[in-house]
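Single-letter residue listing:
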Amino acid sequence: MVDVVVVGSGAAGVAAAITAARNGASVQVMEKTDQLGGAYGCSGGEVWIPCNDRMVEAGLDDSFEDAVRYVKGLSHDGRFDPALIERFIRKGAKAIRFLEQNSAYRTEIAAANGDHLPRLARSKPTGRLLVPAALDARRVLGGTRRWVRDVPNGKSAVRQGFSETVRSGGPALVTGLVRGALDAGVMFRRNCTVSRLMVESGEVVGTVLDQGADRFEVLARRGVILACGGLVDGQHLVAATSTREGLVWTHEGLRTDVDGRVKAARGGVIDGLYAVGAVAVDVLGDRHPGPGAALGSYLTFGYLAGRHAAHSPVRPVDAQLIV
Ligand SMILES: Cc1cc2nc3c(=O)[nH]c(=O)nc-3n(C[C@H](O)[C@H](O)[C@H](O)COP(=O)(O)OP(=O)(O)OC[C@H]3O[C@@H](n4cnc5c(N)ncnc54)[C@H](O)[C@@H]3O)c2cc1C
């Protein structure tokens, strides 16, 4: 039994795990493959975060109001949830700051890119897009780096004269965050697939996971955070779960509130269940303000869900309650 179970070791999951652990929770991350890092381990690792600390240091102008105006100007169909957008813009910089302070992940302003639509009101020509600073995986993770997605950026490594263990882009992001998670006491379990959620009286109280031919139950006193990426995995997991209230599942993913809690079909939220990253409905709807908007919002809501779960009341879960 742990306080928080995180399903998936992608960007959103590891951000949630670090945050929950640093807020005092015992955390276990379940990963179905033999490597940690999910899709972001081979991504560009770019994050779009308005009003970020690097902009402040560089004296670049930005504000909450500018960013909200720009993002809302992008959406023409009104499908986005203003509360989620505002939450992302207000908390994004704080989330990245927290992750940098509690891991080996460091950010730099991307030299080349600005916002996607420079002619739109309150867009910025540079600053809102951050890239991970390169780091040496051997120094940061030692032998543990073999568990982490490993797609070295050969070009930049050779050009800058770095050793072959230097990582940039997504591999630098995952290496830095996994270091932070390990330092925070997060336990990772690889090669195990969460196949069901455990439900009691409409609350999610744990997970059932398959590892080889074995099946285990892990109870979660404070919550389960779904961070299992693309919709196929998420849909499978949700389909295997029934709660009295029902989950709000759309073709775009699970609907969530401003803390990543999964919304219930009959209103309110499903107690004990969070969804962050690609398994949740994209907070930015159909429009992306700039490159890196996916990972920017995933890290932010991973942080918010991890913090919320860690401070949720402990529930009296019982191993006999599996359905
Ligand atoms: C080449 C490439 C470059 C990209 N570059 C960028 C970029 O620069 N900026 C940006 O914003 N986005 C980028 N993206 C998109 C971005 O990387 C993804 O949207 C993001 O990484 C998804 O993160 P996630 O945490 O939601 O899920 P994932 O990274 O998909 O992680 C989910 C994890 O959960 C595990 N899992 C799934 N089901 C289960 C289960 N039942 N039990 C246990 N574990 C499970 C999976 O194995 C996986 O490790 C890029 C994508 C690609 C492919």
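Predicted model only: the values in this text are computed from it and were never measured.

Burial analysis of strand E15 (residues 269–275) places five of its seven residues in the buried class, which makes it a mostly covered element. Sheet topology places strand E11 (residues 214–226) next to E15; three bridges connect them, and they run parallel. In the sheet register, isoleucine 225 faces E15, and the bridge partner there is tyrosine 274. Where strand E14 (residues 261–263) meets E15, two bridges bridge the pair, whose relative direction is antiparallel. Following the sheet pairing, lysine 263 is matched in E15 by valine 269. As consecutive antiparallel partners, E14 and E15 are separated by five residues, and within that stretch glycine 267 has a phi angle of approximately 100 degrees, a positive value.

A separate point is the packing of aromatic side chains. For any pair of aromatic rings, the description rests on two quantities: the centre-to-centre distance and the angle between the ring planes. Evaluation of the coordinates by the stated rule reveals three aromatic pairs. When the centroid spacing of 6.3 Å and the interplanar angle of 40 degrees are considered together, the rings of tryptophan 48 and tyrosine 70 count as tilted. Here tyrosine 70 lies in helix H3 (residues 64–74) and tryptophan 48 lies in strand E3 (residues 47–48), a separation of 22 residues in the sequence. Each member of the pair, tryptophan 48 as well as tyrosine 70, carries the same accessibility label: buried. Pairwise contacts between aromatic rings join Trp48, Tyr70 and Phe88 into one cluster. The ring of phenylalanine 64 is capped by arginine 90, whose NZ or CZ atom sits 3.7 Å from the centre of that ring. Here the basic side chain of arginine 189 rests over the ring of phenylalanine 216, its NZ or CZ set 4.6 Å away from the ring centre.

Before going further, it helps to spend a moment on helix H4 (residues 82–101). Taking 1.5 Å of rise per residue, 20 residues should cover 28 Å, and H4 covers 29 Å from first to last C-alpha, within 8% of that figure. Structurally, the start of H4 carries an N-cap: the backbone nitrogen of alanine 83 is 2.9 Å from a side-chain oxygen of aspartate 81.

Around the ligand sit 31 residues in total, of which Glu31, Ala39, Val194, Ala278 and Leu295 are the nearest. Contact between the ligand and alanine 11: an oxygen atom at 3.2 Å from a main-chain N or O atom of the residue. Taking valine 194, its main chain carries an N or O atom lying 2.9 Å from a nitrogen atom of the ligand. Its free accessible area being 1,000 Å², the ligand has 78% of it covered by the protein chains. Those elements that provide at least two residues to the shell around the ligand are helix H1 (11–22), strand E9 (193–200) and helix H9 (293–310). By residue number, the principal contributor to the shell around the ligand is H9, which donates three residues. Grouping the constituent residues of the shell around the ligand by class yields 15 nonpolar, 12 polar and four charged.

Conventions and cut-offs
Residues numbered from 1 in each chain as written. Predicted model: local features only at pLDDT ≥ 70, side-chain atom pairs only at ≥ 80, totals over all residues. Heavy atoms only, no water. Buried < 20%, exposed > 50% of the residue type's maximum accessible area, 1.4 Å probe, protein only. Helix = DSSP H or I, 4+ residues; strand = E, 2+ residues; numbered from the N terminus. Pairing = 2+ DSSP bridges. Phe/Tyr/Trp six-rings, centres within 6.5 Å; stacked < 30°, edge-to-face > 60°. Lys NZ or Arg CZ within 6 Å of the ring centre and 35° of its normal. Expected span 1.5 Å × (residues − 1). Polar contact = N/O pair within 3.5 Å; in protein donor to acceptor, adjacent residues only side chain to side chain. Near = heavy atom within 4 Å. Areas by Shrake-Rupley, 256 points an atom, 1.4 Å probe, with all protein chains shown as cover. Nonpolar A, V, L, I, M, F, W, Y, C, P; charged D, E, K, R; others polar.

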